[in-house]
Amino acid sequence: MGIPYGRQDINQADIDAVLEVLKSDYLTQGPKVPLFEQTIADYSNVPYVCAVNSATSALHIACLALGLTKGGLLWTSPISFVASANCALYCGAQVDFVDINPVSFNLCEFELEEKLIRARRNNCLPDIVVPVHMAGQSCNMEKIHALSLEYGFKIIEDASHAIGAKYLQQNVGSCKYSDITVFSFHPVKIITTAEGGVATTKSADLARKMELYRSHGVTRDVAQMERLDQGAWYYEQLALGFNYRMTELHAALGISQMQRLDEFVDKRHSLVARYNTELSGLPLSIPTQSAESYSSFHLYILQINFTQINATQKEVFDQLRAAGVGVNLHYIPIHLQPYYRDLGFKAGDFPHSEAYYAAAMSIPLYFGLTAEDQDVVIDRLKSVLK
Ligand SMILES: *Cc1c(COP(=O)(O)O)cnc(C)c1O
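Right, let's talk about the overall build of the protein chain for a bit. Each helix and strand counted, the protein chain has 14 helices and 15 strands in total. Relative to a compact globule of 386 residues, whose C-alpha radius of gyration would be 21 Å, the protein chain shows 21 Å and is just as compact. For the protein chain, the spread of C-alpha atoms along the three principal axes comes to 75 × 60 × 40 Å. For the protein chain, with 386 residues in total, the buried portion stands at 55%. Here the contacts in the protein chain between residues at least 6 apart in sequence split such that 71% fall between residues at least 24 apart. When the accessible surface of the protein chain is summed, it comes to about 16,800 Å², and 52% of that surface belongs to carbon and sulfur atoms. Counting 31 positive and 41 negative side-chain charges, the protein chain places the centres of these two groups 3 Å from one another.

Dropping the structure here:
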């Protein structure tokens, strides 16, 4: 496919770390997972981290730990991967969306406030709001947090794109303005564990609940048990949990990748700076950055003016792909997915998200993108968009 839009970077240290685990006593439930959790905790400056087998699982146990059930309601952004919304449906709760800010592509705090005012009147306030840090740039968490105090909802940051990002000088993941933050380590994200994710929190209680839900709802912690003085074999199931555990192999890869997180993000910033200068004269807008945020730049998303060049999005997309540039589109608005249309959503419900989608295109951005490959991307864009 030529130059992909994103890919992992695996070095010899990463390979050695995984091989070492294969030769060790524990392939799962050993020392690497807690060590990986500690590595993320130290980096994010947060006391509790719960590692799981994907960010999707992390979103699910985050919702469960916050008590989301049938009759509950979760709001998120239509411009995200479907997992940001599906987590509510897993809990039997309902989903609704808050339209994006057309400049940041993030859930818009003003739309959120207006929707909350209406919801209070109609007695249908959300239990949880999931702001998604699109492309690695934090949402306006200060404002969303202030609204959560006023309207009584919980916050899960979907920071799947945003490990290594900062908001108001703090590393995303510290949960300064949220109850729980979720990171993804899928290979296209900033660091990878192949599949994997974590949930971070400042709350001991939420951490304990998430740990239960990730492992069958079962505990071996005597302090949590109903019956005391049983044998050493004894465990208790306290909730209906799942097997969402991360393996030792994945955790070892994650620990090794974390050593290079800042290097990964720095490189993304220099690639972005180059795109910003080289693409500025074209019929498109480049991603805007707010002063409060330091993005991890998971994605470089263009908004292309297709009418100006008299071409369709599909034509440009196909031409770039044919020229070896692995463009992609993040994301198809969730409310327009057939599954969500069947729940009652329709075109026109979230106009900023739909307009964003009609103009969007992600171009290659990843740690291993060479200067030569970036030249190719820039060249092809210039010729296709003229
Ligand atoms: C990748 C992603 C997810 C899901 O992550 P997995 O680890 O693949 O489950 C959720 N939300 C967003 C915004 C993502 O980009």
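Read on for the rest.
Looking now at the sheet that holds strand β12 (residues 284-285). One open sheet accounts for three strands, arranged β12-β14-β15; its pairing is antiparallel. Looking at the sheet topology across the chains shown, the edges are occupied by β12 and β15 (360-363). The sheet contact formed by strand β14 (residues 300-304) and β15 spans four bridges and is antiparallel. The partner of L302 across the bridge, within β15, is M361. Running at roughly 15° to β14, helix α9 (residues 261-279) makes contact with β12, β14 and β15 of the sheet.

As a further point, take the nonpolar core. Counting residues in hydrophobic clusters, the biggest one holds 44 residues, and the most contacted among them are F36, I40, L112, F153, I163 and F185. At the level of elements, α2 (32-44), β1 (48-52), β2 (73-76), α5 (109-121), α6 (141-151), α8 (248-258) and α9 are the ones that each hand at least two residues to this core.

Tallied over the full model, the rule gives 12 salt bridges. Across the pair R214 and E37 runs a salt bridge whose closest N-O atoms are separated by 2.8 Å. Remark: E37 occurs in helix α2 and R214 occurs in helix α7 (residues 204-214); sequence separation between them is 177 residues. R214 sits in the buried class, given a relative accessible area of 13%.

Near the ligand there are 15 residues, and of these T56, D158, H161, S184 and K189 occur at the shortest range. At a separation of 2.5 Å, an oxygen atom of the ligand approaches a polar side-chain atom of T56. In the environment of the ligand, a nitrogen atom lies 2.8 Å from a nitrogen or oxygen atom belonging to the side chain of D158. Looking at the shell around the ligand, the elements with two or more residues in it are α3 (55-65) and α4 (83-90). Here the shell around the ligand is composed, by residue class, of five nonpolar, eight polar and two charged.

Reading the values: the criteria
- Residues numbered from 1 in each chain as written.
- Predicted model: local features only at pLDDT ≥ 70, side-chain atom pairs only at ≥ 80, totals over all residues.
- Heavy atoms only, no water.
- Helix = DSSP H or I, 4+ residues; strand = E, 2+ residues; numbered from the N terminus.
- Rg over C-alpha atoms; globule rule 2.2 N^0.38 Å.
- Buried < 20%, exposed > 50% of the residue type's maximum accessible area, 1.4 Å probe, protein only.
- Contact = heavy atoms within 4.5 Å.
- Areas by Shrake-Rupley, 256 points an atom, 1.4 Å probe, with all protein chains shown as cover.
- Lys, Arg positive; Asp, Glu negative; His and termini not counted.
- Charge placed at Lys NZ, Arg CZ, Asp CG, Glu CD.
- Pairing = 2+ DSSP bridges.
- Axes fitted to C-alpha atoms, helices over the stretch in contact; angles between N-to-C directions.
- Core = buried A, V, L, I, M, F, W, Y, C linked by side-chain atoms within 4.5 Å.
- Salt bridge = Lys/Arg side-chain N within 4 Å of Asp/Glu carboxyl O.
- Near = heavy atom within 4 Å.
- Polar contact = N/O pair within 3.5 Å; in protein donor to acceptor, adjacent residues only side chain to side chain.
- Nonpolar A, V, L, I, M, F, W, Y, C, P; charged D, E, K, R; others polar.

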